[in-house]
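Survey of secondary and tertiary structure
Chain residues, written in single-letter form:
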Amino acid sequence: MLNLFQVKGSSMHPALSAGDFVVTRRSKAPVVGDIIVVNDEKVGRIIKRVRSSDNGLVMLSGDNPRLSSSSCDYAHPTSSVVGTVLFRFHLPFF
């Protein structure tokens, strides 16, 4: 099943920008380097890159080098993964 999400914030810049849309698909196990959507118990849905994966847990990080910390600097269970990003697009404003 495919899902659509809108990017908010700049933590994934330059790969993703605020206002971009991403299409995701549920996958069995995300791998290092994947961009995924996670239901985070502290802040809600987040879009981040998989930094490492081990024993049913994933560590995530943002891509933006200008941000020194992230709201997700702890292990997330793979059961909280909503989906892996397949592609992104941006709708122009008219």
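To be clear, the structure that these remarks concern was listed above.
Residues numbered from 1 in each chain as written. Predicted model: local features only at pLDDT ≥ 70, side-chain atom pairs only at ≥ 80, totals over all residues. Heavy atoms only, no water.

**Quick look at the sheet that holds strand 6 (residues 76-77)**
Here is the rule we go by: By definition, two strands form a pair when at least two bridges between them are found by DSSP. Comment: elements are numbered from the N terminus, with helices defined as DSSP H or I runs of at least four residues and strands as E runs of at least two.
Read from one edge to the other, the open sheet built from seven strands follows the order 1-2-7-3-4-5-6, with strand pairing classed as antiparallel. Only two strands of the sheet have a single neighbouring strand rather than two, namely strand 1 (2-6) and strand 6. In this sheet, strand 7 (residues 81-89) lies alongside strand 2 (residues 21-25) in antiparallel orientation, the contact comprising five bridges. Bridge pairing in strand 7 links Thr24 to Val85.

**Some points on the packing of aromatic side chains**
Here a ring pair, both rings aromatic, is described through the centre-centre distance and the interplanar angle of the planes. Basically, it comes down to this: Between 30 and 60 degrees the pair is tilted, below 30 it is stacked and above 60 it is edge-to-face, where a pair is any two Phe, Tyr or Trp rings, Trp via its six-membered ring, whose centres lie within 6.5 Å. Classification of residues uses two cut-offs on accessible area relative to the type maximum, computed with a 1.4 Å probe and protein chains only: under 20% is buried, over 50% is exposed, and between them is partly exposed. A ring is scored as having a charge over it whenever the NZ atom of a lysine or the CZ atom of an arginine sits within 6 Å of its centre and within 35 degrees of its normal.
Per the stated rule, a full pass over the model turns up two aromatic pairs. Taken together, a centroid distance of 5.5 Å and an interplanar angle of 20° make the contact between Phe21 and Phe89 stacked. Here the residue Phe21 occupies a position in strand 2, and Phe89 occupies one in strand 7, the gap between them amounting to 68 residues. Accessibility expressed as a relative area gives 29% for Phe89, which makes it partly exposed. Ring geometry for Phe87 against Phe89: centres 6.4 Å apart, planes inclined by 35°, an arrangement best described as tilted. Aromatic ring contacts, followed pair by pair, group Phe21, Phe87 and Phe89 into a single cluster. Stacked on the ring of Tyr74, the Lys or Arg Lys42 has its end atom at 4.3 Å from the ring centre.

**Quick look at the pattern of salt bridges**
The criterion, for reference: Within this document, salt bridges are pairs made up of a side-chain nitrogen of Lys or Arg and a carboxyl oxygen of Asp or Glu, the two lying within 4 Å of each other.
For the coordinates displayed, the defined rule picks out two salt bridges. Residue Asp20 is joined to Arg88 by a salt bridge in which the shortest nitrogen-to-oxygen separation is 3.3 Å. Placement of the pair is Asp20 in the loop between strand 1 and strand 2 and Arg88 in strand 7, with a sequence separation of 68 residues. Judged by relative accessible area, which is 3%, Asp20 ranks as buried. The residue Arg49 makes a salt bridge to Asp63 at a minimum N-O spacing of 2.6 Å. With Arg49 in strand 4 (residues 44-54) and Asp63 in the loop between strand 5 (57-61) and strand 6, this residue pair connects regions lying 14 residues apart in the sequence. We classify Arg49 as partly exposed; its relative accessible area is 23%.

Nothing here speaks to function; it is all geometry.
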